[in-house]
Amino acid sequence: MTGGKALGTFRSFYVPAMLVGPATLIVLIPFIASLVVLGVYSVGFYPGGAGFDLGVWKTFLSDSYSWTVIFTSIRLAVIVTFFCLLIGYPVACALVRLDSMLMSIIAYTVIFSPLLMSVVVRSYGWLLLLSDSGFLNSLLGAWPLNLGPYRLIYNEIGVIIALVHILLPFAVLPLITVLLQQPQQLREAAADLGASPFAIFWKVTFPLSLPGVIVAAEIVFALAVSAFVTPAVLGGGRVLNLSRLVYENIGNIEWGLAAVQALILLIAAVGVLLILERFNRRTFGEKS
Amino acid sequence: MQARAGDSKAAVLMLRMVLGAVLVFMAAPILIVVANSFNSSQFNVWPPAGFTLDWYHKALTMPQFQRGFVNSVIAGVLSTLVVLAVGTPLAYAIVRIKFRGKSLLQGVLLGPLVVPRIAMGFSLFVLYLASGSGLYGSMSGIVLGHALLMLPFVVSVLVANLGEVDPIVEEAARDLGAGAVEAFVRVVLPQIRPGLIVAGLLAFITSFDEVETTIFLVKPVVNTLPIEMYLYLDQYQDPTLAALSTLLIALSMLLVLVGLMFAKRGSLRFLLGGRGA
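All values reported here derive from a predicted model rather than from experimental measurement. Residue positions are counted from 1 within each chain, in the order its sequence is given. Going through the entries in the order they are written, you letter the chains from A and number the ligands from 1. pLDDT decides what is reported in this predicted model: residues at 70 or higher carry local features, side-chain atom pairs at 80 or more are listed and counted, and totals for whole chains, interfaces and linings draw on all residues regardless.

Draft legend 1. How the structure looks around the overall build of chain A. The helix and strand tally for chain A stands at twelve helices and zero strands. Going from the N terminus to the C terminus, chain A shows its helices and strands as α-α-α-α-α-α-α-α-α-α-α-α. By its C-alpha atoms, chain A is 70 × 65 × 35 Å across when sized along the principal axes. Buried, partly exposed and exposed are defined by the number of other C-beta atoms within 10 Å of a residue's own C-beta, namely 20 or more, between the two limits, and 12 or fewer respectively, with C-beta atoms placed from the backbone. Counting all 288 residues of chain A, 45% fall into the buried class. Here a strand is any run of E in DSSP of at least two residues, a helix any run of H or I of at least four, and the numbering for each starts at the N terminus.

Draft legend 2. View of the UniProt feature "domain: ABC transmembrane type-1" (unreviewed entry) in chain A. On the UniProt side, "domain: ABC transmembrane type-1" (unreviewed entry) is annotated at positions that read residues 70-276 of chain A here. This span, residues 70-276 of chain A, is 78% helix and 0% strand, and a straight line between its end C-alpha atoms measures 19 Å. UniProt positions are given in the numbering used here, feature names are shortened, and annotations may be inferred rather than shown by experiment.

Draft legend 3. Highlighting the UniProt feature "transmembrane region" (unreviewed entry) in chain A. UniProt's entry tags residues 12-45, 65-89, 101-121, 157-180, 213-235 and 255-276 of chain A with the feature "transmembrane region" (unreviewed entry), counted in the numbering of this structure. Helix makes up 100% of residues 157-180 of chain A and strand 0%, with an end-to-end C-alpha separation of 34 Å.

Draft legend 4. Structural detail: the nonpolar core. Residues and elements named next belong to chain A. A set of buried residues qualifies as a nonpolar core if it consists of Ala, Val, Leu, Ile, Met, Phe, Trp, Tyr and Cys joined through C-beta atoms within 7 Å. In terms of nonpolar packing, the biggest core is built from 165 residues, with Leu167, Val220, Ala224 and Ala262 touching the most fellow members. Element by element, the count of residues in this core is highest for helix H7 (residues 156-181), at 17 residues. Taken domain by domain, the makeup of this core includes at least three residues from each of domain 1 (1-42) and domain 2 (57-284). By definition, residues are in contact whenever their C-beta atoms, placed on the basis of the backbone, come within 7 Å of each other. With sequence-adjacent residues up to four places away left out, Val220 is seen in contact with Val80, Thr81, Cys84, Leu167, Phe170 and Ala171. Annotation comment: domain bounds sourced from an automatic or database domain assignment.

Draft legend 5. Examining the environment of Pro90(A) more closely. Position of Pro90(A) relative to the elements: it lies in helix H3 (residues 64-96). Exposure remark for Pro90(A): the 19 C-beta atoms within 10 Å place this residue in the partly exposed category. Sequence-distant contacts of Pro90(A), that is, excluding residues within four places in its chain, are made with Leu15(B) and Val18(B).

Here it is, written out as structure tokens:
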């Protein structure tokens with residue numbers, strides 16, 4: 001009897017503990033601990049800090065400059081998300097319609113292989129394309145156009161173009177998934193009932209793909225709002241977002257301020273995620 | 001193009017044109033980096049002033065890039081091994097076992113995906129310093145940080161793969177007298193090989209390319225290659241970086257080809273979104 005009970009405890013506690021334990025111990029606990037330490041730092045408990053003090057929060061949040069930076073981060077992320085969806089949607093539609101294996105391999109490789117390359121490499125590529133004497137300006141400046149040169153780097157335009165490039169694969173992937181899951185019969189039925197291709201798209205395909213659109217928006221927004229390398233390289237220090245500010249304040253040994261900014265960045269990313277997720281659940285919850 | 005029900009010809013033509021334009025857009029920065037690595041002009045002037053291989057020589061001989069490459073390989077291999085070692089049993093527990101706190105665990109597991117990389121980097125930096133563990137500026141610190149960033153991806157790939165494996169084979173092995181560990185190693189592991197390879201590649205590549213968290217965890221001796229490249233780009237913009245990037249692009253292509261060959265069609269299908277084309 002006791003032996004059976006011991007075996008039961010063994011099965012229900014020790015086995016899961018042994019399987020889950022290592023990951024929890026060396027990955028998940030450090031993860032939680034680091035966020036706790038971040039919170040503690042932001043309220044004044046850090047080496048050389050004065051102890052409990054909400055001063056840094058108050059100063060940061062009452063400074064109009066901080067809000068400019070917060071809005072820059074959010075504005076950039078919203079614009080990048082918009083373009084990624086605008087471009088990514090027709091691309092996903094085109095990808096699911098490819099029927100030759102060769103074309104599929106080429107298209108998937110070209111769209112997804114940039115994910116294998118460092119963000120530094122890709123941002124550098126855009127620097128080469130967009131700089132004053134770079135490829136694009138020399139193309140536009142040549143006969144017969146004779147345009148420009150346009151200032152495309154060290155401002156938000158360059159940052160947005162490069163970020164759309166870097167984040168587009170993250171938008172396309174969930175869109176393909178959701179488009180492939182749609183039963184072909186639904187569109188066939190709509191066509192048989194006399195719906196025009198336009199009506200089929202707006203009444204069947206598009207509404208059914210909205211959950212994928214929301215997932216794509218979530219991923220792209222979260223990555224864009226916290227982007228660091230691309231705004232640094234293409235913005236040349238002139239495009240200031242929250243990530244940049246955190247980095248600079250750590251350099252200036254402003255621990256408290258950096259912690260506050262990192263937390264605000266976290267709140268912005270998680271906040272938008274929760275809003276979209278709630279919208280997703282409210283609209284599609286009962287169906288999926 | 002395969003017409004789908006309810007497609008109009010004009011719409012399919014337009015989709016084709018958009019796809020073509022986007023393929024050019026996606027390839028352009030990569031191609032320009034490769035082209036510029038042979039550009040003899042120091043200031044990235046286009047069209048190229050002449051052909052040279054000097055930048056390759058410079059990229060391969062600069063000590064910070066050599067050291068960075070070695071550090072990146074070490075960090076990539078170690079963090080991949082660590083994350084697979086802790087992630088595989090975790091994924092197995094999530095798929096096969098009922099236990100208390102499972103949904104909490106899965107929630108926490110999403111954390112590293114949601115937290116901005118910069119915030120993650122700073123909070124780990126602070127934790128390393130505050131804990132007095134000496135992890136800051138050490139290879140162990142980088143490996144831990146990378147394993148943390150990768151765990152959600154690795155577990156989700158392995159959970160998906162394990163979900164496809166029929167538990168009956170493992171039960172049969174147990175009935176025939178194999179111990180739990182033996183059954184796992186000899187029956188389950190071989191069946192999730194495609195998942196392990198995809199997850200491992202994903203982990204290695206992410207570790208190898210990581211900047212935004214890593215930059216807070218390193219001291220110059222353990223700087224990884226992308227950090228060195230970022231710092232170089234901050235100072236100089238000559239084509240040395242283009243040459244180095246071209247070499248890395250070639251390397252990552254090679255790595256994927258090798259991975260695909262090992263995983264056979266399993267991961268090709270994974271890449272194509274599960275279509276048996």
